[in-house]
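Next come the chains, spelled out residue by residue.
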Amino acid sequence: MSFSPRIIAFFLAVLITLVSIAFLSFVPEVTAAMLFVVGVACFFATFFFVFYTIDILVFREVEQIYKTIQKLKIRDFDISRKSLIKSVNPIKKLNSEISTYVTKKQNEIEELKRMEQYRREFLADVSHELKTPIFSAQGFIHTLIDGAKDDPKTLDRFLNRAAKSIDALDALVRDLVTLSQVEKGDLKMHFEQIDLKIITQEIFEQLEYKAQSRGVTLKIKPKTLEKALVKADKQRITQVLTNLVDNAIKYGKDNGKVVVEIEEDKKHFHVSVEDDGPGIQPEHLARIFERFYRVDKSRSRDTGGTGLGLAIVKHILNAHNSKITVTSKLEKGTTFKFKLTKILEIPTETTVDNE
């Protein structure tokens, strides 16, 4: 139960008055009139003293602290606030407000600590990823400078290896720039009508040689699908599907298959990219969309990955108001899924001339 300063002062005044009258009633020769006068004087004196002490010295100071906290919350010390909704107990209101404010600030501190740790890990990862191709190219070039260039076979071999290292460095920098632009919102999406089936077929053609080198079969399901029109950025969705299909080919099993299935409902087309590879362990699934996170680091570098592909995929789909999910079973394969807004085709009206 909450009490206002007036109620507290009233009860204390009544209590003190009753106690005073009770003691005075035992004094000889004290008349009822005297008890009445003492009671009235004691009541009003106590009431105003207690009310002044609680209201002015306690409640008003608490109210000022409460207003200060409100100004801190809105981050403006000059703004003139509207009158607060009066609470019968500002101390209780202040306690609640401080608890809420402290909890919020604690969460902000925890988030800052988490971001600081993330920043440190990211810088360490970037340094490591940049160091590998740079040192590799540097080693080949210095070897050539030291005299290996005089041997034509060695010259060609070392130049090719240095070129591959530079290409890997270029791919990493381009992915970093793309990821940074997408995260900051600087990379604008150009939404238009695109056909997911046509885009998938084009990607299959581009990756056909890589798939054949591992004996991987590429399929689109269902076979009866004629078209899958969605509203999206063609270049970025092509980048998403290329990354997912390329990963499925690289990390799936030899002589396996990669299936892109496109299903529709009333508002969306649901796209899944499935392989029948070794799968991903459960402890890795929650982190594979992090920058530079690799399930198999040595194999990822051998196959030419930058470690940024899935992070870019996630942010591109977020920009399309979509999310990517992953499910995996060991020794059975991995499936990535997302959805895009469907474009409803309006049937054209045909007119018949009866003349």
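Please read all numbers here as calculations on a predicted model, not as lab measurements. (Residues numbered from 1 in each chain as written. Predicted model: local features only at pLDDT ≥ 70, side-chain atom pairs only at ≥ 80, totals over all residues. Heavy atoms only, no water.)

Turning next to the pattern of salt bridges. If you walk through the whole model with that rule in mind, you get five salt bridges. Put simply, Arg214 and Asp254 hold a salt bridge, and the shortest N to O gap is 2.6 Å. Residue Arg214 is located in the loop between helix H6 (208–213) and strand S2 (217–221), and its partner Asp254 is located in the loop between helix H7 (234–251) and strand S4 (257–264); the two are separated by 40 residues in the primary sequence. By relative accessible area, which is 49% here, Asp254 ends up partly exposed. Ionic pairing is found between Arg287 and Glu290, a salt bridge with its closest N-O pair at 3.0 Å. Its relative accessible area of 36% is what places Arg287 among the partly exposed residues. Since its relative accessible area comes to 30%, Glu290 is described here as partly exposed. What you see here is one network of salt bridges that share partners, running through Lys210, Asp246 and Lys250. (Salt bridge = Lys/Arg side-chain N within 4 Å of Asp/Glu carboxyl O. Helix = DSSP H or I, 4+ residues; strand = E, 2+ residues; numbered from the N terminus. Buried < 20%, exposed > 50% of the residue type's maximum accessible area, 1.4 Å probe, protein only.)

Relative accessible area serves as the criterion here: at 19%, Arg214 is assigned to the buried category. At a separation of 2.6 Å, a polar atom in the side chain of Arg214 contacts the side chain of Asp254. (Polar contact = N/O pair within 3.5 Å; in protein donor to acceptor, adjacent residues only side chain to side chain.)

Here the amide bond leading from Lys221 into Pro222 is cis, since omega sits at -5°, within 30 degrees of zero. Of note, Asn255 is a non-glycine position whose phi angle comes to about 60°, a positive value. Here Asn255 is to be found in the loop between H7 and S4. Under the relative-accessibility criterion, Asn255 is labelled exposed at 63%.

Only one face of strand S6 (residues 325–329) is buried, namely the one carrying Val326 and Ser328, since none of Thr325, Thr327 and Lys329 on the opposite face is buried. In terms of strand pairing, S6 meets strand S7 (residues 333–341) through five bridges, oriented antiparallel. Each bridged residue has a counterpart across the sheet, and for Thr327 the counterpart in S7 is Thr335. Hairpin remark: S6 followed by S7, antiparallel, with three residues in the connecting loop; positive phi at Glu331, about 65°. (Pairing = 2+ DSSP bridges.)

Quick look at the nonpolar core now. Membership of the largest hydrophobic core comes to 51 residues, with the highest contact counts inside it found for Leu196, Leu241 and Val245. Mapped by element, the contributors of at least two residues to this core are helix H4 (152–184), helix H5 (196–206), strand S3 (229–233), H7, S4, strand S5 (268–275), helix H10 (309–319) and S7. With seven residues, H7 is the single largest residue contributor to this core. For Val245, the residues in contact, after removing those within four places along its chain, are Ile203, Phe204, Leu207, Val258, Val260 and Val273. (Core = buried A, V, L, I, M, F, W, Y, C linked by side-chain atoms within 4.5 Å. Contact = heavy atoms within 4.5 Å.)

Below, the discussion takes up the UniProt feature "transmembrane region" (unreviewed entry) in the chain. Those residues carrying the UniProt feature "transmembrane region" (unreviewed entry) are residues 7–27 and 33–59 in this numbering. With 86% helix and 0% strand, the stretch residues 7–27 has end C-alpha atoms that lie 31 Å from each other. (UniProt positions renumbered as here; feature names shortened; annotations may be inferred.)

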